[in-house]
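Residues per chain are reported as follows:
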Amino acid sequence: MAKFTLNGVEREVPDGINLIEAALLFGVRIPHYCYHPGLSPEGNCRMCAVEIEGIPKLQTACTTLVADGMVVHTESEKVIRERTEVMEFLLRNHPIDCPICDQAGECGLQKYYMEHGLHDSRVAVEEKILKRKRVDLGPLVVLDSERCILCSRCVRFCDEIAGVRELVLANRGGRSEITTFPGRTLENPYSGNVIDICPVGALTSKDFRFKVRVWFLKTAGSICPGCERGCNIYIEQYQNEVQRIRPRANLDVNRWWICDDGRLDYKWINRDRLLRAEGEAGAHSPERADEEAARILREAGSVLLVASPRSSNENLFALKRFRDAALPRAALVGGSFRKPWEGDRILKRPDRNPNRKGMEILGLSGDLEGALRKAPDCVLVVENDLLGDRPDLADLLRGKKLIALASNRDATAEKAALRIPVCTYAETEGSWTNFEGRTQAFHPVLKAVGESRPVFRVLEGIARALGASLEWSDFGALREETFQAAPALGSLSPSPGGGAHAL
Amino acid sequence: MVNPDSHALVSARAAGAYRASAKALAEEPEEIVRLVKDSGLRGRGGAGFPTGLKWTFLPKNRDATYLCVNADESEPGTFKDRLILEKDPHLLIEGIVIACHAIRCAHAYLYIRGEFCLPYERIRAAAAEAYAAGLLGPNAGGSGQPIDLTIHRGAGAYICGEETALLNSIEGKKGQPRMKPPFPTNVGLFGKPTVINNVETLANLPFIVENGPDAYRAIGTEKSPGTRLMSVSGHIEKPGVYEVAHGVPMRGLIEDLAGGVRGGRKLKALIPGGSSTPVLTAEEAYAVNVDFESVQATGSMLGSGGCIVMDETTDMVWALDKLAHFYAHESCGQCTPCREGSGWIAEIVQKIAAGNGTRKDLEKLESLAAQIVGNTICVFSDALAMPVVSHVTKFRAEFEAHLADRASSSAAP
Ligand SMILES: Cc1cc2nc3c(=O)[nH]c(=O)nc-3n(C[C@H](O)[C@H](O)[C@H](O)COP(=O)(O)O)c2cc1C
Ligand code: SF4
Ligand code: SF4
Ligand code: SF4
Ligand code: FES
């Protein structure tokens, strides 16, 4: 521990942290651009300058480790003047095209100009250096060089995190520019992160550009469904459609990053949704759908229930309870035929199911293909696109009544005798347990689309139609029961944030 | 009497080269460090830092040490290292051998300015001769220790003369300065403790070793012992490099040695230590001596000894325009104040020089110069601010006369 004095108050902090992080522990925000807790400090933007007694020159807080006895001033006259001066320099060649800039509303220049600048401009617009406005860097990212403040966060991200030297700060002085190497593109599997860490509107997302102004977005903390890692994310929606996914810092899981696949793994939520229940005779109301499902299940000689490692722990537990209460003779097997992808040493895990571990803990793993071979008369598939993932299973499934609880019109839902719409993870509460056994909650950001219901509510309805009693007063009650029944799920894991990364 | 082959090993040997290094190699390294400390030798790269003291900053326990020889010499007005490289490269190599022994360095790197063609050829040939003669190599000078020398050519960036940018450049990275601390003596080239010394600094070592600190101190002043290579350029009859004992009057250097101001004109201004040092008025220039302390007393610096002479016909706005342009071009661009400020300053000076500047522009110029000082990774921005401030304050009337909205004395009808 180190004792230091921050703006006149003596404070105690852990050793080895820099002044930006140390001050933040006490709610003192030191403005900064180039510093990011996940990257090596470079000290180039000079925005974080603070006064340390005994040192004549201002010091950069990002590169100064707190030390015993240090007396630091973050709001002295000298510091405040310096910030205004740095802001003036940063804006000297900045195009100030906020009206057409995607970053407007979450831009470090706007924020700190209001907090620390507010100077009158001493530059005429025509005196500014013009640079390239629309540089195609790679599949995800566009660069506007005029807006770039040359903080080098993006360069350091590629070097240090993605492990590829794809970006470089070329040229000197006022001609400095971010660029890829000649003939090369920014295409590492984590490239999208540079969009998030760029403190200004220089790097924008091809996927999100010009879609919606950020102040219209509504946000919820969630978990990426893309693989077993369970990266923490924010889902952001406008008019009940997901507009973008951003990483949410969690030092234990994904630090500040997500992979590009995870970033784009949302389009299916907006597209090809199953809006109403449909049977062979046409659309059904939710109640009719539950009755119809009950009828099919009752008439079947043998039933197989298929659980999915993409379902939440709570939905998986509800399915177990459904079997016990309503169809005690039915087989219940979990599994997925999603092709694994190649994992890496950064975040991506080979298994593309976010809740494989939870499913195992809940005792639902098993031999899915074997169970299908036993030729059940009816197969109820929950949140699992068996046919889409393995078209060759069509033969095995031929002649069996298929009931699909599905959010989308996937191949399995299309083939089903009855398909009932359910909510995606973006519309419900739930939890997944990642490969390390860490159970993490996600929260709804969208309203249920069409007549989709949470899986456990559909199961309740079918159980009711089957004359069984299965009911939870609310999601909380289901969650409590789930975690009681399966202590190995542990408790919901907190998400330790990531320091002063959000400017 | 000029020897056209002064750069060759035979000539150097005939003049006594490598006697001092042989003597040094037979001594304990600590003894050499002590000699150099006692001699009071100060760095000739610009800051005048005591060389022996710098060496003692190396950590006691270290697995490797590097010496980097700074031969980047890109400061406008300074061209004395070039002379050593061209005419007496073995003096430098001998200095390198002595320094390597003193700091226990087995591998020295010489970083030479990319545009130095002949100097590069000469130092390369000299190194080859030294290797062939066993003065460098696995058993340098028969000492049983290895001393290798790698010569690395720059690619045309002034900033690579800044010692940490130089390290990055040798490592194959972009030549831009590093944050300090850590200082190179702790974490330098390839992460190892490293000493960076200027060419001329090292060229002083053979004399010190051979003749002892007292003989060295017998020349020059107390605070600036030894001699100094002064590069004299500009409006001068005999431009060139002059070796003078520290402490001689500047007037003597200009008027006598260098033949006086061109065409018998009057001196108007003088930059004493390379373009980064504040300009002196003629009066100030004639009052100083060629040593660190006397120039410092005027608020300027002896820096790298690059004397730029400007006669009475010089337009000081034009002169500053050239300087500002150079700095805007050479800022490495990392730090916000330097990157943006250097370009902005150059633009304003150019505007004033073109007769389009206003009183406001002049004020802006002064405030910007103040704004870029003190909050950057290296002192490049100070090296720009100082000439700006000194030009504008010492020759203010000239700047005002250039302004578009000057108070017109001879109002045209
Ligand atoms: C912008 C800048 C350029 C410099 N260029 C040179 C140079 O070309 N040659 C040099 O010897 N020192 C140069 N220096 C000084 C070096 O950083 C360093 O102080 C010097 O090489 C140390 O050697 P010395 O102690 O022997 O003087 C420069 C410094 C700055 C800030
Ligand atoms: S593009 Fe963005 S992150 Fe990269 S250097 Fe410029 S401002 Fe910084
Ligand atoms: S690594 Fe896995 S969990 Fe993380 S963003 Fe990518 S797909 Fe999603
Ligand atoms: S002060 Fe200028 S030259 Fe020095 S590191 Fe900063 S930007 Fe580069
Ligand atoms: S210099 Fe510290 S945040 Fe940029």
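Check the entry above for the structure.
Conventions adopted
Residues numbered from 1 in each chain as written. Chains lettered and ligands numbered in written order. Predicted model: local features only at pLDDT ≥ 70, side-chain atom pairs only at ≥ 80, totals over all residues. Heavy atoms only, no water. Helix = DSSP H or I, 4+ residues; strand = E, 2+ residues; numbered from the N terminus. Contact = heavy atoms within 4.5 Å. Areas by Shrake-Rupley, 256 points an atom, 1.4 Å probe, with all protein chains shown as cover. Lys, Arg positive; Asp, Glu negative; His and termini not counted. Charge placed at Lys NZ, Arg CZ, Asp CG, Glu CD. Buried area = accessible area lost by both parts, 1.4 Å probe. Salt bridge = Lys/Arg side-chain N within 4 Å of Asp/Glu carboxyl O. Polar contact = N/O pair within 3.5 Å; in protein donor to acceptor, adjacent residues only side chain to side chain. Nonpolar A, V, L, I, M, F, W, Y, C, P; charged D, E, K, R; others polar. Patch = residues over 30% accessible without salt bridge, like charges linked within 9 Å, V, L, I, M, F, W, Y side chains within 5 Å. Buried < 20%, exposed > 50% of the residue type's maximum accessible area, 1.4 Å probe, protein only. Pairing = 2+ DSSP bridges. Axes fitted to C-alpha atoms, helices over the stretch in contact; angles between N-to-C directions. 1 Å grid on protein atoms, 1.4 Å probe; cavity = no way out; pocket = protein on both sides within 12 Å on 5 of 7 lines; lining within 4 Å. Points joined across faces, edges and corners; volume = space filled by probe spheres on them. Near = heavy atom within 4 Å. Parallel < 35°, antiparallel > 145°, perpendicular 65-115°, else oblique. Core = buried A, V, L, I, M, F, W, Y, C linked by side-chain atoms within 4.5 Å.

### Details of the overall build of chain A
Here's step 1: Assigned secondary structure in chain A consists of 16 helices and 22 strands.
Here's step 2: Overall size of chain A, expressed as C-alpha extent along the three principal axes, is 85 × 50 × 35 Å.
Here's step 3: Contacts in chain A between residues far apart in sequence, at least 24 positions, make up 67% of those at least 6 positions apart.
Here's step 4: Accessible area of chain A: about 20,800 Å², with a carbon and sulfur share of 50%.
Here's step 5: Computed over 69 positive and 70 negative side-chain charges, the separation of the two mean positions in chain A equals 3 Å.

### Some words on the interface of chain A and chain B
Here's step 1: Between chain A and chain B, the contact holds 31 residues from the first and 31 residues from the second.
Here's step 2: Buried surface at the junction of chain A and chain B, both sides included, amounts to about 2,600 Å², of which 46% is carbon and sulfur.
Here's step 3: Of all residues in chain A, A:Phe89, A:Arg122 and A:Arg172 give up the largest surface area on contact with chain B, accounting jointly for 30% of the area buried on that side.
Here's step 4: At the surface where chain A touches chain B, the tally comes to two salt bridges.
Here's step 5: Note that B:Glu347 is salt-bridged to A:Arg92, the shortest N-O span being 2.6 Å.
Here's step 6: Inspection of the chain A/chain B interface yields 18 residue pairs in polar contact (both at pLDDT 80 or more).
Here's step 7: The residue inventory of the side of chain A that touches chain B, partitioned by class, reads eleven nonpolar, nine polar and eleven charged.

### Describing a negative patch on the surface
Residue and element names in this part refer to chain A.
Here's step 1: On the surface, Glu-10, Glu-12, Asp-15 and Asp-68 cluster together into a negatively charged patch.
Here's step 2: Examined against the element boundaries, Glu-10 turns out to sit in strand β2 (residues 9-13).
Here's step 3: Overall, the relative accessible area of 53% leaves Glu-10 in the exposed class.

### Points about the sheet that holds strand β1 (residues 66-71) of chain B
Residues and elements named next belong to chain B.
Here's step 1: Spatially, β3-β2-β1-β4 is the arrangement adopted by the four strands of the open sheet, whose pairing is parallel. Every other strand in the sheet has two partners, leaving β3 (148-153) and β4 (194-198) as the edge strands with one partner each. Taking each pair of neighbouring strands and ignoring which way they run, the sheet shows an average axis angle of 20 degrees.
Here's step 2: As paired strands, β1 and strand β2 (residues 107-112) are joined by six bridges and run parallel to one another.

### Some thoughts on empty space enclosed by the protein
Here's step 1: Per the stated rule, a full pass over the model turns up four cavities of 30 Å³ or more.
Here's step 2: Quantified by volume, the largest cavity comes out at close to 150 Å³.
Here's step 3: Per-class residue counts for the lining of the largest cavity are five nonpolar, five polar and five charged.

### Digging into the site of ligand 1
Residues and elements named next belong to chain B.
Here's step 1: As a structural note, the neighbourhood of ligand 1 is formed by 19 residues, with Gly-45, Lys-54, Asn-70, Asn-198 and Thr-201 the closest of them.
Here's step 2: One of the backbone N or O atoms of Gly-45 is found 2.7 Å from an oxygen atom in ligand 1.
Here's step 3: Within the backbone of Glu-163, an N or O atom sits 3.0 Å from an oxygen atom of ligand 1.
Here's step 4: In isolation ligand 1 offers 610 Å² of accessible surface; the protein chains occlude 89% of this area.
Here's step 5: Partitioned by chemical class, the residues of the shell around ligand 1 number five nonpolar, eight polar and six charged.

### Concerning the sheet that holds strand β6 (residues 135-136) of chain A
Residues and elements named next belong to chain A.
Here's step 1: Taken in spatial order, the three strands make up an open sheet running β6-β7-β10, and their pairing is antiparallel. Edge strands, defined here as strands with exactly one partner in the open sheet, are β6 and β10 (203-205).
Here's step 2: In this structure, β6 lies alongside strand β7 (residues 141-143), joined through two bridges in antiparallel fashion. Paired with Val-135 across the two strands is Leu-143, which belongs to β7.

### A look at the site of ligand 3
Here's step 1: For ligand 3, the full set of nearby residues is A:Cys224, A:Gly226, A:Cys227, A:Arg229, A:Gly230, A:Cys231, A:Ile258, A:Cys259, A:Gly262, A:Trp341, A:Leu347 and A:Lys348.
Here's step 2: Split into classes, the residues belonging to the shell around ligand 3 amount to seven nonpolar, three polar and two charged.

### Observations regarding the side chain of B:Ser233
Here's step 1: Locating B:Ser233 in the fold gives a position in strand β5 (residues 227-234).
Here's step 2: Those residues in contact with B:Ser233 that lie beyond four places of it in its chain are B:Gly77, B:Phe79, B:Pro239, B:Cys307, B:Ile308 and B:Val309.

### Brief notes about the environment of A:Asp385
All names here are of chain A.
Here's step 1: You can see Asp-385 is positioned in the loop between β18 (378-382) and α12 (386-389).
Here's step 2: A residue is classified by how much of its surface remains accessible, and Asp-385, at 19% relative accessible area, is buried.
Here's step 3: Once the C-alpha coordinates of Asp-385 and Met-1 are considered, the two residues, 384 residues apart in sequence, prove to be 53 Å apart.
Here's step 4: Sequence-distant contacts of Asp-385, defined by excluding residues within four places in its chain, comprise Asp-410, Ala-411 and Thr-412.
Here's step 5: Here the side chain of Asp-385 touches Gly-388 through a polar contact of 2.9 Å, landing on its backbone nitrogen.

### A word on the packing of helix α14 (residues 316-330) of chain B against helix α17 (residues 380-394) of chain B
Axis angle and axis distance: for two packed helices, these are the angle between their axes and the distance between the axes, and together they describe the pair.
Residue and element names in this part refer to chain B.
Here's step 1: One way to put it is that α14 packs onto α17 with a least axis distance of 10 Å and a crossing angle of 170 degrees. Judged on the interaxial angle alone, α17 and α14 are roughly antiparallel. In contact with Met-316, Ala-319, Leu-320, Leu-323, Ala-324, Tyr-327 and Glu-330 of α14, α17 contributes Phe-380, Ala-383, Leu-384, Pro-387, Val-388, His-391 and Val-392.
Here's step 2: Considering only residue class, the contact of α14 with α17 consists of twelve nonpolar, one polar and one charged.

### Focus: the nonpolar core
Across soluble globular proteins, you tend to see nonpolar side chains buried next to one another.
Here's step 1: Residues A:Tyr33, A:Leu109, A:Phe157 and A:Val194 are the most contacted members of the largest nonpolar core, which totals 61 residues.
Here's step 2: No other element matches helix α4 (residues 153-162) of chain A, which puts six residues into this core.
Here's step 3: With 55 residues, the next largest nonpolar core counts A:Phe89, B:Tyr158, B:Ile308 and B:Leu362 among its residues.

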